[in-house]
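Coordinates in review
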Amino acid sequence: MTTYESLLAEITDPGGREILDPATGELVGRAPVRSIRDVDAAVARARAAQPAWAALADQERVDLLLRAAEVVEEAAEPLAELLSREQGKPLNGLNARFEVGGCAVWLRAAAATQLPVETVVDDGNTHAELRYRPVGVVGAIGPWNWPMAITVWQLAPALRMGNTVLVKPSEHTPLSVLALVAVLNRVLPPGVLAAVPGDGDLGAHLSSHPDVGKLVFTGSTATGQEIIRSSAATVKRLTLELGGNDAGIVLPDVDVRAIAQDLFWGAFINTGQTCAALKRLYVHTAVYDEICSALLEIARATPMGRGLDEQNLLGPLQNRAQYDIVARLVDAARKAGAKILIGGNPDPDSPGHFYPTTLVADIDNDNPLVAEEQFGPALPIIRYTDLDEAVAMANALDVGLGASVWSRDREAARALAARLEAGTVWINSHSGLHPMVPFGGVKKSGYGLRFGVEGLKAVAVPQVING
């Protein structure tokens, strides 16, 4: 039986980097720090293991992914506890237990998705088939906000398609990813999956490594741009999910009480630390005050605190740098005369990175809290009267990961959604993902799709056989 203590002992290095609980400042464990030489050795092992992995029958890889989902579920509680301690997210709600459960769901979805050979022409003269082959070694660089879930999004389709995978976790949350990989490797063949924890230079080395055929990255736009540059010499295939500053538009016909909870959690899921969270809310003046009041009521009733305390649904920011960004942006809103409905007053004596749930009303669209991605528990609510103006404001930024439209009239909402420049537009919800629905961004939010059939294609090489 896997316990929290046994899992932690399996992955920690007594001489490694200290990883502290963002809620308390207490030591969680010490993470190994690998070198460039370690990365080269790991790539060589992955390359050596890849032909045998690809040579397995597809059903054999499917069965191993299904077994991988089972062992994640068997270790679910210690994985969730480690995730809560290291990342800060509470155990309950859309947080640690939810994330670990999602890992099993996405592993099973990758196993269940079919990508058959497609006959594109068969006219008696030409017979052409389109099929997909493994890339080889896939590098996966992950973030600190959903470290386990996003790692599975990266590795599960890659493994299904016959690739081997090398994971580089965030320096902030390496233990969670190391634990997940250790659990998965209980059923996967040796060399098929490995993790290389360490500093950012390891990710940069992966992105330029000639034996890494594909790189999957989730993180900031600035880092994504560096990856594009460093991968150019090897013409490496890339899937990039980068920064987002998602807009939501609330139409005047909404039932405020019916949508308030979904609005709130669209913005504050994972304490706002989600790429596709709702980060700018445009509300028609006819329902503006009612929306603000409903969100304020929910914010007051939603407990924030240490993740291991079962009643909490919101936690700390994962690291001090992100805390400072949120604090700076809220202060900018306050100084500009925006109205702080709740929050904006962190406890300076707190041992953790707790920033209170913050709602900001009567704010200009060009305020930094609106124009920059806050990635934390602070939501600006912008009043509008003209729908075309709201669309223009929503589309004005150079990112476009997600967006949402809120209305009782679903057809009108769909028509409005088609005008928004975002990879995904939700109707009467925000940030919900499904393992069979493709997901990706536009503009500087990146390129490439994940999930479903498109996710399998993204980690494979198309080949046409003609004749």
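Rules and cut-offs
- Residues numbered from 1 in each chain as written.
- Predicted model: local features only at pLDDT ≥ 70, side-chain atom pairs only at ≥ 80, totals over all residues.
- Heavy atoms only, no water.
- Pairing = 2+ DSSP bridges.
- Helix = DSSP H or I, 4+ residues; strand = E, 2+ residues; numbered from the N terminus.
- Axes fitted to C-alpha atoms, helices over the stretch in contact; angles between N-to-C directions.
- Buried < 20%, exposed > 50% of the residue type's maximum accessible area, 1.4 Å probe, protein only.
- Polar contact = N/O pair within 3.5 Å; in protein donor to acceptor, adjacent residues only side chain to side chain.
- Contact = heavy atoms within 4.5 Å.
- Expected span 1.5 Å × (residues − 1).
- Phe/Tyr/Trp six-rings, centres within 6.5 Å; stacked < 30°, edge-to-face > 60°.
- Core = buried A, V, L, I, M, F, W, Y, C linked by side-chain atoms within 4.5 Å.
- Parallel < 35°, antiparallel > 145°, perpendicular 65-115°, else oblique.
- Left-handed = near helix turned anticlockwise from the far one by under 90°.
- Nonpolar A, V, L, I, M, F, W, Y, C, P; charged D, E, K, R; others polar.
- Right-handed = clockwise from strand over helix to strand, strands pointing away.
- Salt bridge = Lys/Arg side-chain N within 4 Å of Asp/Glu carboxyl O.

**Details of the sheet that holds strand β4 (residues 127-134)**
- Reading across from one edge, β3-β4-β20 is the order of the three strands in this open sheet, with antiparallel pairing throughout. This sheet does not close on itself; its edge strands, each paired only once, are β3 (118-122) and β20 (460-466). Adjacent strand axes in the sheet meet at a mean angle of 25° when their direction is disregarded.
- Relative to β20, β4 runs antiparallel, the two sharing seven bridges. Note that in β20 the partner of tyrosine 132 across the bridge is proline 462.

**Remarks on the side chain of asparagine 395**
- Among the secondary structure elements, asparagine 395 is positioned in helix α14 (residues 387-395).
- Here asparagine 395 falls in the buried class, since its relative accessible area comes to 14%.
- A polar atom in the side chain of asparagine 395 sits 2.9 Å from the backbone nitrogen of glutamate 421.
- Apart from residues no more than four positions distant in its own chain, asparagine 395 is found in contact with Arg419, Leu420, Glu421 and Lys443.

**Here we look at helix α5 (residues 96-112)**
- Given a rise of 1.5 Å per residue, 17 residues ought to cover 24 Å, and the 25 Å separating the end C-alpha atoms of α5 matches this to within 8%.
- Burial in α5 covers these residues: Ala96, Glu99, Val100, Gly102, Cys103, Ala104, Trp106, Leu107, Ala109, Ala110 and Ala111.

**Examining the packing of aromatic side chains**
- Throughout the structure, instances matching the rule amount to nine aromatic pairs.
- Considering the side-chain rings of tryptophan 106 and phenylalanine 451, the 5.4 Å spacing of their centres and the 65° angle between planes classify their relative orientation as edge-to-face. On the criterion of sequence distance, the pair formed by tryptophan 106 in helix α5 and phenylalanine 451 in the loop between β19 (446-447) and α16 (452-458) is long-range, its members being 345 residues apart.
- The buried category is assigned to tryptophan 106, whose relative accessible area is 13%.

**Focus: the nonpolar core**
- One finds Val72, Leu79, Leu107, Val165 and Leu184 to be the most contacted residues of the largest nonpolar core, which totals 72 residues.
- Setting aside its immediate chain neighbours within four residues, leucine 184 contacts Ala68, Val72, Leu107, Leu155 and Leu193.
- By size, the runner-up hydrophobic cluster in this structure holds 32 residues, among which are Leu251, Val326, Ala390 and Ala394.

**Description of unusual backbone geometry**
- With a phi close to 55°, threonine 271 is a non-glycine residue in the positive phi region.
- Structurally, threonine 271 can be placed in the loop between α10 (256-268) and β11 (278-284).
- Accessibility expressed as a relative area gives 2% for threonine 271, which makes it buried.

**Looking at helix α3 (residues 58-74)**
- In this model, α3 (17 residues) spans 25 Å end to end at C-alpha, consistent with the 24 Å of a helix rising 1.5 Å per residue.
- On the buried face of α3, the contacting elements are α2 (36-55), α4 (76-87), α5, α6 (147-160) and α7 (174-184).

**Regarding the packing of helix α8 (residues 200-208) against helix α9 (residues 221-231)**
- Contact geometry of α8 with α9 gives a least axis separation of 8 Å together with a crossing angle of 40°. If you check the angle between α8 and α9, you find them oblique. Between α8 and α9 lies a crossing whose hand is right-handed. Across the interface between the two elements, Ala204, Ser207 and Ser208 from α8 touch Ile227, Ser230 and Ser231 from α9.
- Its residues assigned to classes, the contact of α8 with α9 shows two nonpolar, four polar and no charged.

**Thoughts on the pairing of strand β5 (residues 137-141)**
- Counting buried positions along β5 yields five of five residues, so the element is predominantly enclosed.
- Alternating positions in β5 separate into two faces, Val137, Gly139 and Ile141 on one and Val138 and Ala140 on the other, with burial throughout.
- Examined bridge by bridge, β5 and strand β6 (residues 164-168) share five bridges and lie parallel to one another. Directly across from valine 138, in β6, lies its bridge partner valine 165.
- The handedness of the β5 to β6 crossover, carried by α6, is right-handed.
- Two strands pair when backbone bridges link them, and β5 and strand β8 (residues 214-218) are joined in this way by four bridges, in the parallel orientation.

**Section: the sheet that holds strand β14 (residues 378-384)**
- Here seven strands make up an open sheet; going across it, the order is β12-β13-β14-β11-β10-β16-β17 and the pairing mixed. Each edge of the open sheet carries a strand with a single partner, namely β12 (339-342) and β17 (424-427). Averaged over all pairs of adjacent strands, the angle between strand axes in this sheet comes to 25°, irrespective of strand direction.
- Of the pairings in the sheet, the one linking strand β10 (residues 246-250) to strand β16 (residues 402-406) comprises four bridges and is parallel in character. Within β16, the position partnered with glycine 248 by the bridge is serine 404.
- On the sheet, helix α11 (residues 288-301) packs against β10, β11, β12, β13 (358-361) and β14 and is oriented at approximately 165° with respect to β14.
- Along the sheet, helix α15 (residues 410-417) makes contact with β10, β16 and β17, crossing β17 at roughly 165°.

**A look at the environment of leucine 420**
- Structurally, leucine 420 is set in the loop between α15 and β17.
- C-alpha of leucine 420 to C-alpha of glycine 402: the two residues are 18 residues apart in sequence and 9.2 Å apart in space.
- Dropping the residues within four chain positions of it, leucine 420 is found in contact with Ile249, Val391, Ala394, Asn395, Ala403, Ser404, Val405 and Val425.

**Examining the environment of phenylalanine 264**
- Along the chain, phenylalanine 264 turns up in helix α10.
- Accessibility expressed as a relative area gives 0% for phenylalanine 264, which makes it buried.
- A sequence separation of 108 residues divides phenylalanine 264 from alanine 156, and the C-alpha atoms of the two residues are 31 Å apart.

**Regarding the pattern of salt bridges**
- Applying the stated criterion across every chain yields a total of 29 salt bridges.
- Where arginine 67 meets glutamate 70, a salt bridge forms, and the shortest distance between an N and an O atom there is 2.9 Å. One end of the pair, arginine 67, and the other, glutamate 70, are both in helix α3, three residues apart, so they sit about a helical turn from each other.
- For arginine 67, a relative accessible area of 32% corresponds to the partly exposed category.
- Residues glutamate 226 and arginine 229 are paired through a salt bridge, measuring 2.7 Å at the closest nitrogen-oxygen approach. Of this pair, glutamate 226 and arginine 229 both sit in helix α9, three residues apart, roughly one helical turn.
- With a relative accessible area of 53%, arginine 229 lands in the exposed category.

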